[in-house]
Amino acid sequence: MIRLLLSHQWKEATRSSVWQKNLAVNLVLGFFMLLLLLYVVALSAFMDVIIEKAWPDKDPVAVINGALLYYFLFDLAFRFFMQELPVLGIQPYLHLPVGKGKLVHFVLWKSITSFFNYMSLLLFIPFALKVLPEVYGLGGAWMWVLGLFLITLINNFLTLYFKRQLVEKPLVTFGFLLAIVALATLDYLNLISVGAASGSFFRALGQNPVWVLVPLALLVAVYLLNYRFLIAHTYPEEMRISKQSKVGTSAEIGFLQRFGELGTLIGLELKLIMRHKRPKSTTMMSVLFLAYGFIFYTQEMYTKGFAMLIFPGIFMTGFMMLSYGQFVPGWQSAHFDALLTKRLSPYTFYLGKFWMFVPACTIAYLVTLLYGLMPGSGGKIMLINTACFLYNIGVNTFVVLYLSTYNKKRIDLSKSASFNWQGVGASQFILMLPALLLPILVYLPFGLMDKPWWGIAAVGIIGLLGFLFHRQLLGIVVNRFQREKYAIAAGFRQA
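Keep in mind the model is a prediction, meaning the values are calculated, not measured. (Residues numbered from 1 in each chain as written. Predicted model: local features only at pLDDT ≥ 70, side-chain atom pairs only at ≥ 80, totals over all residues. Heavy atoms only, no water.)

**Focus: the side chain of N396**
Topologically, N396 is positioned in helix α20 (residues 378-404). With sequence-adjacent residues up to four places away left out, N396 is seen in contact with I314, M321, Y391, P434 and A435. (Helix = DSSP H or I, 4+ residues; strand = E, 2+ residues; numbered from the N terminus. Contact = heavy atoms within 4.5 Å.)

Below you can see the structure in the form of structure tokens.
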């Protein structure tokens, strides 16, 4: 049965027109992927030498054991944004004498073939075979590797479960993500030590094979959790009912309707994000980059100045606006011609984008205020982030929207989010330069005059003035769009 399902999947892929069209691209990507894997293997083979040079007084095995749980937490976060859900067109099989359980097991086992599940093996097996036999013996080294792989599979099935729950019960997924953030925060505040727990567990794993039963039991539990979820959601009746229940509310998101046409546009944009992989991935990445401050704010060489703190302030409070806004209006490229035929004001179209970016920046700004709890420079960080937030909503939103009118590359929302370069052009790279450099240039004259707080105030005041006069600035964007809309439409027609 499994062999038959695999043959169906292979025929579906190879007979698709997309396979023929992207064959050359896939071969090139495959070459670079193979090159990347060779670098990963080489890094693993020399990992002990690198650790000995970086920390001469520490045991490489102890360093790796203490870092492994951090690695798996990062792996879990990375998978959540990058790993695709395995799918099977299950409806054609449901009327056939095929056990539904077999189909669900096939979907779950199919996920094990994901590229992400073998990165940890490539990253740690050469190191384990080179160093660990002298410490734990050959059998202990293989038990250590087996435990590593089992935890990798736990991450795989956790990712599948919570990404599926994001549609059904988003609060469950957000609760899980908050638990991960809380764990990282407690570790950062030295209230618990993830590194110490990691070192103890993996040391015990190499010394006593019985400990491999812990990740094995967790893997079975997470697998069964996914199995029960999929079994409960493979009835045709449920698929039909769920679709019908959404039809009446597809154009409505509660309170947004009180804002009329503007609210409808924002609601449709939010549904576009929630229903398609690439915009959803682009938006969710902004949550991950809120932790960017841990790189900058823990380094004294950055916090003792001002100019370097403007960069993370702009980046964190405006990442969603910068990453998502650079592809406007490419997200609507599939139905852009239809938009031009509607009695829709271009001003209202861009005003909807503006009022979607402002709340996103506001939420990110409120989260970054938590960095104000950091000892020493916390108050300074809060004030600089406040100025950067004002600059983002008052200047950078219009910089992004204005430069987006140069975007004429089509985006196919049905394609995956991973390694997808559709819509990426020179304008995307040029856009980042004024967005990140202009606030630093505003600050620079005051910094050279030894008036750094005046420079920070200037950044904030310019942003506040831009927000107050957003109608006039948005008019400049709309005028540019009116001149280019037919050229943009022509670009979007090129598949």
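There is more to say after this.
**Here's the deal with the nonpolar core**
If you look at the biggest cluster of nonpolar residues, it comprises 62 residues, and the most contacted ones within it are Y297, Y324, Y350 and F357. For this core, the elements supplying multiple residues, two or more each, are α13 (260-275), α17 (307-325), α19 (346-368), α20, α21 (426-448), α22 (452-468) and α23 (470-492). The biggest single contributor to this core is α20, with 13 residues. Residues contacting F357, with those up to four places away along its chain left out, are M320, M321, Y324, G325, V328, T397 and L401. Counting residues in each nonpolar core, the second largest holds 49 residues, with M47, L153, F157 and M284 among its members. (Core = buried A, V, L, I, M, F, W, Y, C linked by side-chain atoms within 4.5 Å. Buried < 20%, exposed > 50% of the residue type's maximum accessible area, 1.4 Å probe, protein only.)

**Describing a nonpolar patch on the surface**
On the surface, F31, F32, L34, L35, L38 and Y39 cluster together into a nonpolar patch covering about 670 Å² of accessible area. Considering the arrangement of structural elements, one finds L38 in helix α3 (residues 23-45). (Patch = residues over 30% accessible without salt bridge, like charges linked within 9 Å, V, L, I, M, F, W, Y side chains within 5 Å. Areas by Shrake-Rupley, 256 points an atom, 1.4 Å probe, with all protein chains shown as cover. Salt bridge = Lys/Arg side-chain N within 4 Å of Asp/Glu carboxyl O.)

**With respect to the environment of P279**
Among the structural elements, P279 can be located in helix α14 (residues 277-288). By relative accessible area, P279 is classed as buried at 0%. Separated by 44 residues in sequence, P279 and S323 have C-alpha atoms that sit 9.5 Å apart.

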